[in-house]
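# Structural description and commentary
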Amino acid sequence: MSTLDVSRAELALVVLYLNKAETRDKICRAIQYGSKFLSNGQPGTAQNVDKSTSLARKVFRLFKFVNDLHALISPTPQGTPLPLILLGKSKNALLSTFLFLDQIVWLGRSGIYKNKERTELIGRISLFCWMGSSICTTLVELGEIGRLSGSIKKLEKDLKGSDKYQNEQYRAKLKKSNERTLALIKASIDIVVAAGLLQLAPKKITPRVTGAFGFVSSIISCYQLLPSPAKSKAA
C-alpha cells in the first residue's frame, strides 16, 4: 500500500470520527472544561469561552434523552444479576432525566424561556441527576469488572499450560475488562465534576479542579469514541 493510500485511509477514519455528533460534543466539552481550568472562575476570555461552549453543547444534546429512554425500556442481557440490572436502569432513568431537563436549561439561557430562577433550579436538579447517573455507572462498572475478573480467572485455569494470549475468548474478555476499567475511571471523575458544578465542596473542588477533572474526562470520552483501527494504533 502506497503512502498516499495510507494517508487516505487514515484521513477517512478522521472524517468518520469527526462526523459523529457525539465526538463534536466531547471535543467541545474538552474546550469547555479546559477554559474553566484556565479561568478558575474569574471573569475574562477563558470564562466567556467556557460559558459559550457550554451553551453550544446543549444544542448538540437536543433530544438525546431518547437514547437512554430507549435503553431504559430495552431488555438486559441474560445472566445479569438483579442489583446490576436495577443500577443500570437507574442510570438510564437519571441520565435521560438530566438530558431532558438540560433542554429546558438551554431554553432559559438562550432567552426563550424567561423564568431565570426556575431555569437555575432546573439546572441544579439536572446536575444532581447527572451525578446520580455517574454514581450508578461507577457501581455497575465495579460489578461488571468483578464478574469479568472471575470469568478471566476461570478461563486462565482452563488454559493452563498454553499461551492464554493466543486464545480469542481470553483476549476478548481482557479487552472488555480494560474498556470497563476506563469507563469506571471516567464515571468516578464525572462524580467530582458534578460536585464541582453544584458547588457541594467549593473550598476543595474549585473551578480549576472541576475544569481539570472535566478535561481529563472529556479526553477519555474522545478516546472511547475512536474508530477501532485508530484505537488499536493508539494502544
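Look a little higher up for the structure.
This text gives an overview of the structure that appears in the document. Please read all numbers here as calculations on a predicted model, not as lab measurements. (Residues numbered from 1 in each chain as written. Predicted model: local features only at pLDDT ≥ 70, side-chain atom pairs only at ≥ 80, totals over all residues. Heavy atoms only, no water.)

Our next topic: the overall build of the protein. Secondary structure summary: the protein contains 9 helices and 0 strands in total. Each helix and strand of the protein, placed in order from N terminus to C terminus, yields the pattern α-α-α-α-α-α-α-α-α. On the principal axes, the C-alpha backbone points of the protein span a range of 65 × 50 × 35 Å. For the protein, the accessible area works out to roughly 13900 Å², and carbon and sulfur atoms hold 63% of it. The positive charge centre, built from 35 side chains, and the negative charge centre, built from 17, are 5 Å apart in the protein. (Helix = DSSP H or I, 4+ residues; strand = E, 2+ residues; numbered from the N terminus. Areas by Shrake-Rupley, 256 points an atom, 1.4 Å probe, with all protein chains shown as cover. Lys, Arg positive; Asp, Glu negative; His and termini not counted. Charge placed at Lys NZ, Arg CZ, Asp CG, Glu CD.)

Once that is clear, we can look at helix H7 (residues 168–197). Taking 1.5 Å per residue as the helical rise, H7 with its 30 residues ought to reach 44 Å, and the 43 Å between its terminal C-alpha atoms agrees with that figure. In this structure Asn-167 caps H7, since a side-chain oxygen of it lies 3.0 Å from the backbone nitrogen of Gln-169. Following H7 by one or two positions, Gln-199 has its phi on the positive side, about 55°. (Expected span 1.5 Å × (residues − 1). Polar contact = N/O pair within 3.5 Å; in protein donor to acceptor, adjacent residues only side chain to side chain.)

This part takes up the nonpolar core. Counting 15 residues, the largest nonpolar core has Phe-98, Trp-130, Met-131 and Val-193 as its most contacted members. Elements with a contribution of two residues or more to this core: helix H5 (82–109), helix H6 (116–158) and H7. Every residue in contact with Met-131, bar those within four places of it in the chain, is listed here: Ile-191, Ala-194, Ala-195, Leu-198 and Leu-200. (Core = buried A, V, L, I, M, F, W, Y, C linked by side-chain atoms within 4.5 Å. Buried < 20%, exposed > 50% of the residue type's maximum accessible area, 1.4 Å probe, protein only. Contact = heavy atoms within 4.5 Å.)

With respect to the secondary-structure elements, Glu-22 resides in helix H2 (residues 21–39). Judged by relative accessible area, which is 26%, Glu-22 ranks as partly exposed. A C-alpha to C-alpha distance of 24 Å links Glu-22 and Leu-198, two positions 176 residues apart in sequence. Among all residues touching Glu-22, those that are not within four sequence positions of it are Lys-64 and Leu-225.

Enumeration over the complete set of coordinates arrives at 3 aromatic pairs. Judged by centre distance (5.3 Å) and plane angle (75°), the rings of Phe-65 and Phe-100 are edge-to-face. Placement of Phe-65 in helix H4 (residues 65–73) and of Phe-100 in helix H5 is noted, with a sequence separation of 35 residues between them. Of the residues examined, Phe-100 reaches a relative accessible area of 40% and is grouped as partly exposed. Seen from their ring centres, Phe-98 and Trp-130 are 6.1 Å apart, and the 25° between their planes marks the pair as stacked. (Phe/Tyr/Trp six-rings, centres within 6.5 Å; stacked < 30°, edge-to-face > 60°.)

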